[in-house]
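# A look at the structure
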Amino acid sequence: MQPYNRERIENWVGDFCTSDAIRAFPPAVRDYAADVLVRFLVAACDVRGVEPGDVEESDLKTALL
């Protein structure tokens, strides 16, 4: 993965983890959310070798499994 794409994912995850949306999850989940989300989105990009903005549902399903 290109460093720029990883940085973009990290920025997206950071935005989510500092938003009010993260409050819907218990503190134990919030502690690990950033690491898990970055790994998940990187894996989704790697499925087809696409950029973060081009990830599709099938990429997410494959990365999750």
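Report follows, based on the coordinates. (Residues numbered from 1 in each chain as written. Predicted model: local features only at pLDDT ≥ 70, side-chain atom pairs only at ≥ 80, totals over all residues. Heavy atoms only, no water.)

### So, helix H1 (residues 3-17)
With 15 residues, H1 ought to run about 21 Å at 1.5 Å a step, and its terminal C-alpha atoms sit 21 Å apart, in line with that. Of the surrounding elements, those touching the buried residues of H1 are helix H2 (27-48). (Helix = DSSP H or I, 4+ residues; strand = E, 2+ residues; numbered from the N terminus. Expected span 1.5 Å × (residues − 1). Contact = heavy atoms within 4.5 Å.)

### Let's talk about the environment of Ser19
The residue Ser19 is located in the loop between H1 and H2 in this model. Among the residues examined, Ser19 registers a relative accessible area of 24% and is labelled partly exposed. At a separation of 2.7 Å, a polar atom in the side chain of Ser19 contacts the main-chain carbonyl oxygen of Phe16. (Buried < 20%, exposed > 50% of the residue type's maximum accessible area, 1.4 Å probe, protein only. Polar contact = N/O pair within 3.5 Å; in protein donor to acceptor, adjacent residues only side chain to side chain.)

### A few points about the pattern of salt bridges
The full count for this structure, using the stated rule, is seven salt bridges. Note that Arg6 and Glu10 form a salt bridge whose closest N and O atoms lie 3.1 Å from each other. Separated by four residues within a single helix, Arg6 and Glu10 lie in helix H1, roughly one turn from each other. Owing to a relative accessible area of 38%, Glu10 belongs among the partly exposed residues under this scheme. Between Asp35 and Arg39 there is a salt bridge, with its nearest N and O atoms 3.1 Å apart. Of the two residues, Asp35 and Arg39 both sit in helix H2, four residues apart, roughly one turn of that helix. Overall, Asp35 belongs to the partly exposed group, its relative accessible area being 43%. Connected via shared salt-bridge partners are Arg48, Glu56 and Asp59. (Salt bridge = Lys/Arg side-chain N within 4 Å of Asp/Glu carboxyl O.)

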